[in-house]
Every structure is written in structure tokens, then in C-alpha cells.
Amino acid sequence: MEIDLHKLHNLINKRRDEIERAVEGTGFLARTVVGVGTFLLDNEGDIDLLSPKQLATFEKFLKPLMGKPAR
């Protein structure tokens, strides 16, 4: 899977409020989701480096938000 690093960077740095809304009431912490995104940015989007829990976090929160247009 190819990750659009520009979209991910924008989400992590400029749309954090959307992450906070997405995790609200789920038991996940926004900082955990941001951490997974930052890890991916630091590693050129190499999804193979994610643990199973990190991958689940990416799939559940980051991937859907990256597909939405920026507000």
C-alpha cells in the first residue's frame, strides 16, 4: 500500500482536531493516533514497520481521514 505522505503530514500537523473528533468515545487517545502517523512519516510511509496494533490504528483512524478533503 502506498501512503500519500503529503496528506498524512497535513492530517497530523494541520487537521489534528479531526483526529480528536474521530477518536472521541472510542477508548483510543488522539496522541496514540498522531504517534502512529508520525512514526509513518519518520519511516517514509513504510507500513510494514507497524506492529499489528499500530496497523489497526492506522486502518481505523488515519486511513479514512486521509481520504477526506481537508476542511
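Residues numbered from 1 in each chain as written. Predicted model: local features only at pLDDT ≥ 70, side-chain atom pairs only at ≥ 80, totals over all residues. Heavy atoms only, no water.

## A short note on the pattern of salt bridges
Evaluated as defined, the whole model comprises 3 salt bridges. Note that Arg-15 is salt-bridged to Glu-18, the shortest N-O span being 2.9 Å. Both residues of the pair, Arg-15 and Glu-18, belong to the buried class. Its salt-bridge partner being Arg-21, residue Asp-17 comes within 3.3 Å of it at the nearest N-O pair. With Asp-17 and Arg-21 both in helix H2 (residues 16–23) and 4 residues apart, this pair spans about one turn of that helix. Arg-21 gets classed as partly exposed once you look at its relative accessible area, which sits at 42%. (Salt bridge = Lys/Arg side-chain N within 4 Å of Asp/Glu carboxyl O. Buried < 20%, exposed > 50% of the residue type's maximum accessible area, 1.4 Å probe, protein only. Helix = DSSP H or I, 4+ residues; strand = E, 2+ residues; numbered from the N terminus.)

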